[in-house]
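Summary of structural features
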Amino acid sequence: LGDMSPDEQRALEDDLESAARIQKAHLPRLGREVAGWDFAFAFEPAGPVGGDCCDVLAHEGSDEATFLLGDVSGKGVPAAMLASSLHATIRSLVSPGLPVGSLVERANRLFRAASVSRSFATLVCGRVSPGGSLEVCNAGHCPPLLRSGGTVREVAPTGLPVGTFLSAAYGSHELRLEEGAFLVAFTDGLTEARDPGGEEYGSERLAALLSRLERPSARAVVDASLADLHAHTAGRARGDDLSLLVVRRSEDGAGARR
């Protein structure tokens, strides 16, 4: 970088700014409603671009919706390019009625076959349906937290990270959420964020926070989680991308995505 001319440095900065705008444009646009469900998310890359991907996809002609939260190994531009590739692959494969385990299995084959490195991605992919049905596949990702009936529990992995092997099978959890229950998926940029003394935030602290919230909206869960995280880090710079996705069963049965 020190050998670049001022014009070359400005061109590089412009490229990174454009890449950041493109990545943000691919984040969920939560203006449409999904009957019975409420969504909210946060996306905070450590640099101009990051290796996380997040989306909520409504199915045309169906009351179902598919959601995903992924974290590609590595950082910066290479990770962002791979995250974009994985995101596009899943979007192209999504269809109503396709089990999420089968969706992730197909995405894994395409991601692995196209990979030019040993990169992999952890991924949470799920589908919501009317009546509170939630199917979720966890491909080696940080276990999401499910707040239901006043308790918080982890949703364990159901397969290996995407890209680990060309042929891999993926299972899923079949859940039914009561009104007000919610699932919180997050990348390790949240749980591994450290305070000035070097202590990690940790999933236990997040679980304790979620257990204290009183009938929050999806957006309120995101806001409370970020506020607690920022109180923990006390302004300490993060070294990893941070993404958070909340999937909540609406209490009034007319959920909106925010």
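I will try to describe carefully the structure that is included in this document. (Residues numbered from 1 in each chain as written. Predicted model: local features only at pLDDT ≥ 70, side-chain atom pairs only at ≥ 80, totals over all residues. Heavy atoms only, no water.)

Notes on the overall build of the protein chain
Note the threshold: Strands are runs of DSSP state E lasting at least two residues, helices are runs of H or I lasting at least four, and both sets are numbered from the N terminus onward. This radius of gyration counts C-alpha atoms alone. The globule rule is 2.2 Å times how many residues there are, raised to the power 0.38. The rule is simple: take the accessible area with a 1.4 Å probe, protein chains only, and divide by the maximum for that residue type; under 20% is buried, over 50% is exposed, in between is partly exposed. Contacts between residues were defined by any pair of non-hydrogen atoms, one from each residue, lying within 4.5 Å.
When helices and strands are counted, the protein chain shows six helices and 10 strands. For 258 residues, the compact-globule formula gives about 18 Å, and the C-alpha radius of gyration of the protein chain, at 18 Å, lands near that figure. With respect to the three principal axes, the spread of C-alpha positions in the protein chain is 60 × 40 × 30 Å. By the burial criterion, 50% of the 258 residues in the protein chain qualify as buried. For the protein chain, long-range pairs separated by at least 24 residues make up 72% of all intrachain contacts whose partners lie at least 6 apart in sequence.

Remarks on the packing of helix α2 (residues 76-93) against helix α3 (residues 100-114)
Helix packing for two helices is described by the angle between their axes and how far apart those axes are. Heads up, the condition is: As a rule, the C-alpha atoms of each element are fitted with a line to give its axis, helices using only the stretch in contact, and angles between N-to-C directions run from 0 to 180 degrees. Roughly parallel means an angle under 35 degrees; roughly antiparallel, over 145; roughly perpendicular, 65 to 115; everything else is oblique. Two helices that cross are described as forming a left-handed crossing if the nearer one is turned anticlockwise from the farther one by less than a right angle, and a right-handed crossing if clockwise. Gly is put with the polar residues, along with every residue not named as nonpolar or charged; the nonpolar set is Ala, Val, Leu, Ile, Met, Phe, Trp, Tyr, Cys and Pro, and the charged set is Asp, Glu, Lys and Arg.
Two elements in contact, α2 and α3, have axes separated by 10 Å at closest approach and are oriented at 135 degrees. With respect to α3, the axis of α2 lies oblique. Where α2 crosses over α3, the handedness of that crossing is right-handed. Side by side, α2 and α3 meet where L82, L86, T89, I90 and L93 of the first sit next to L103, R106, A107, L110 and F111 of the second. Looking at the contact of α2 with α3, its residues break down into eight nonpolar, one polar and one charged.

Describing the sheet that holds strand β8 (residues 173-176)
Note: strands within a sheet are paired through backbone hydrogen bonds, in either parallel or antiparallel orientation. In plain terms, the rule: Strands qualify as paired when DSSP identifies two bridges or more between them.
Pairing is antiparallel in the open sheet, where five strands are placed in the order β2-β3-β4-β5-β8. Unpaired on one side and paired on the other, β2 (52-58) and β8 mark the two borders of the sheet. Between one strand axis and the next, the sheet turns through 15 degrees on average, direction left out of account. In terms of strand pairing, strand β4 (residues 121-129) meets strand β5 (residues 133-139) through seven bridges, oriented antiparallel. The residue bridging S129 from the neighbouring strand is S133, located in β5. Across the sheet, α2 is in contact with β2, β3 (65-72) and β4; its angle to β2 comes to roughly 20 degrees.

Everything listed here is a matter of coordinates, which is why it stays silent on function.
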